[in-house]
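# Structural features, examined
The lines below spell out each chain.
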Amino acid sequence: MKALVKFAPGDGNLDILDVEEPVCGDRGVKVEIAFCGVCGTDLHVMHDTFRNYPPVILGHEMAGTVVEIGREVRGVNIGDRATVLGATAVTCGVCRYCREGRFIFCPARRGMGHGVNGAFARYVVVRPDQLYRIPDHFTLEEAAISEPFAAAVQAVTEVTQVRIGETALVSGPGPIGLLCLKLLLAEGVKTIVAGAGGDDLRLAAAREFGAALTVNTAERNLADAVREATDGAGVDVALECAGHPASVLGCLQALRPMGRYTQVAICGRDINFPIDQIFYKQLTVSGSVCYTARTWERMMQIYQQGRVRLHDLVSVKLPITEWRAAFELCADRKALKVLMHP
Ligand SMILES: [Zn+2]
Ligand SMILES: [Zn+2]
């Protein structure tokens, strides 16, 4: 089968190669991939700025249909439509974090798409516990956004614990920021979305989804806009989804005293910010990295209830052979979410 493979360490070294189809085995489930999302992590793997283990097939945001089931597998059927929790592909199972269900911190962990083979290919083979069946009303396009959506579910509902009646700032209107926005709106939270120059398409989407206000910080001072929108009070919660120093500062300034700040994006470098803001406003600062299996269960219940839909986030679908164009769209912020298919 054709697959997008990081074939050697270093910058680049990525191409479509012919590889062996994965073998199902007695305990595996073979999934035919319908769609797999392109994500910033893929760009980092390409540039070798995110840990990876070549040769490895990229792609970790996948959805597809079960086409083969190992002899020892129960509870899975041919034809099941599912998304896959790729992050647990390899874990030690016995460290403190594995035992606590916080597999993301397992020192031995390797996720699909960088640690082991991922889903920019026709087939993947996974364990049945990695498989999450999607409801009939959900499309495979939407289901391919599950992995980033799970990160948003953890950030909004588990780490930040927003409550109806609060006001939120989402700084950074990339896919994760827009997914946070959808959850905040579903929770009844008035949400301001901030972006930078070049984010016009994504800010327009934020308005369409229901943001109370969008601010392009290239044109308008964020602190002023927030002050005006909150009668001078400031926001209750700020989710930093851009990974940019100006966005970090914007979040700290926008928060009211006793507000909650959650770091959702990676900055990828050391930055300067006024830590005294945390002191003087007595802010609660948290990080949110990925999710747990419990988050995925919660996400499946959100899907079942049908109040949050994700189809309007998919703006481009390309075959994996056009991965260069897909990666470029992602890097240039010229699309909402880009999916690839075999
Ligand atoms: Zn991702
Ligand atoms: Zn472990």
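In this report, the structure presented in the accompanying data block is examined. (Residues numbered from 1 in each chain as written. Chains lettered and ligands numbered in written order. Predicted model: local features only at pLDDT ≥ 70, side-chain atom pairs only at ≥ 80, totals over all residues. Heavy atoms only, no water.)

## Digging into unusual backbone geometry
Of note, the amide linkage connecting Pro54 to Pro55 takes the cis form, showing an omega dihedral of 0 degrees. Note on placement: Pro55 falls in the loop between helix H1 (40–46) and strand S4 (56–57). Positive phi, close to 65 degrees, is recorded for Asp48, a residue that is not glycine. Locating Asp48 in the fold gives a position in the loop between H1 and S4. Residue Asp48 is classed as partly exposed on the basis of its relative accessible area, which comes to 33%. One non-glycine residue, Arg333, adopts positive backbone phi at about 55 degrees. (Helix = DSSP H or I, 4+ residues; strand = E, 2+ residues; numbered from the N terminus. Buried < 20%, exposed > 50% of the residue type's maximum accessible area, 1.4 Å probe, protein only.)

## Things to note about the sheet that holds strand S2 (residues 14–18)
On the basis of which strands lie adjacent, the open sheet formed by 3 strands has the order S2-S1-S4 and antiparallel pairing. A strand with exactly one partner marks an edge of an open sheet, and here the two such strands are S2 and S4. Here 5 bridges tie strand S1 (residues 2–6) to S2, and the two strands are oriented antiparallel to one another. Counterpart to Lys2 in the pairing with S2 is Asp18. (Pairing = 2+ DSSP bridges.)

## Observations regarding the side chain of His60
Summarising the element assignment, His60 is placed in the loop between S4 and strand S5 (62–69). Overall, His60 belongs to the buried group, its relative accessible area being 7%. Side-chain polar atoms of His60 contact the side chain of Glu61, separated by 3.5 Å. Discounting chain neighbours no more than four positions away, the residues touching His60 are Cys36, Cys39, Thr41, Asp42, Met112, His114 and Glu147. (Polar contact = N/O pair within 3.5 Å; in protein donor to acceptor, adjacent residues only side chain to side chain. Contact = heavy atoms within 4.5 Å.)

## Some details on the nonpolar core
If you look at the biggest cluster of nonpolar residues, it comprises 53 residues, and the most contacted ones within it are Phe149, Leu178, Leu184, Leu239, Tyr291 and Leu310. Looking at this core, the elements that each hand over two or more residues are strand S3 (29–37), helix H3 (140–143), helix H4 (146–159), strand S9 (167–171), helix H5 (175–186), helix H6 (200–209), strand S12 (235–240) and helix H10 (293–305). By residue number, the principal contributor to this core is H4, which donates 7 residues. Excluding residues within four positions of it along the chain, Tyr291 makes contact with Leu85, Ala87, Phe103, Ile104, Glu147, Ala150, Ala151, Gln154 and Trp296. Counting residues in hydrophobic clusters, the runner-up holds 35 residues, among them Val45, Val56, Met62 and Val338. (Core = buried A, V, L, I, M, F, W, Y, C linked by side-chain atoms within 4.5 Å.)

## Overview of empty space enclosed by the protein
Under the defined criterion, the tally for this structure stands at 1 cavity of 30 Å³ or more. Approximately 40 Å³ is the volume found for the largest cavity. Listed by contribution, the elements that provide at least two residues to the lining of the largest cavity are helix H11 (323–331) and strand S16 (337–341). Here the lining of the largest cavity is composed, by residue class, of 7 nonpolar, no polar and 2 charged. (1 Å grid on protein atoms, 1.4 Å probe; cavity = no way out; pocket = protein on both sides within 12 Å on 5 of 7 lines; lining within 4 Å. Points joined across faces, edges and corners; volume = space filled by probe spheres on them. Nonpolar A, V, L, I, M, F, W, Y, C, P; charged D, E, K, R; others polar.)

## Notes on the coordination of the zinc ion (ligand 2)
Protein-derived coordination of the zinc ion (ligand 2) comes from Cys92 (SG), Cys95 (SG), Cys98 (SG) and Cys106 (SG), at a distance range of 2.3 Å. The site at the zinc ion (ligand 2) holds 4 donor atoms, and with the angles between them running 102 to 117 degrees, its shape is tetrahedral. Mapping the donors of the zinc ion (ligand 2) onto the primary sequence yields the spacing C-x2-C-x2-C-x7-C. The buried category is assigned to Cys95, whose relative accessible area is 16%. (Donors = N, O, S within 2.8 Å, 3.2 Å for Na, K, Ca; no water. Tetrahedral: all angles 85-135°; square planar, octahedral: opposite > 155°, others 65-115°.)

## Brief notes about the packing of H4 against H5
The geometry of H4 relative to H5 is characterised by a closest axis approach of 9 Å and an angle of 55 degrees between their N-to-C directions. The angle between the axes of H4 and H5 places the two elements in the oblique class. Note that H4 runs across H5; the crossing there is right-handed. Between H4 and H5, the residues in contact are Pro148, Phe149, Ala151, Ala152, Val153 and Val156 and Ile176, Leu179, Cys180, Leu183 and Leu184, respectively. Grouping the amino acids of the contact of H4 with H5 by side-chain chemistry returns 11 nonpolar, no polar and no charged. (Axes fitted to C-alpha atoms, helices over the stretch in contact; angles between N-to-C directions. Parallel < 35°, antiparallel > 145°, perpendicular 65-115°, else oblique. Left-handed = near helix turned anticlockwise from the far one by under 90°.)

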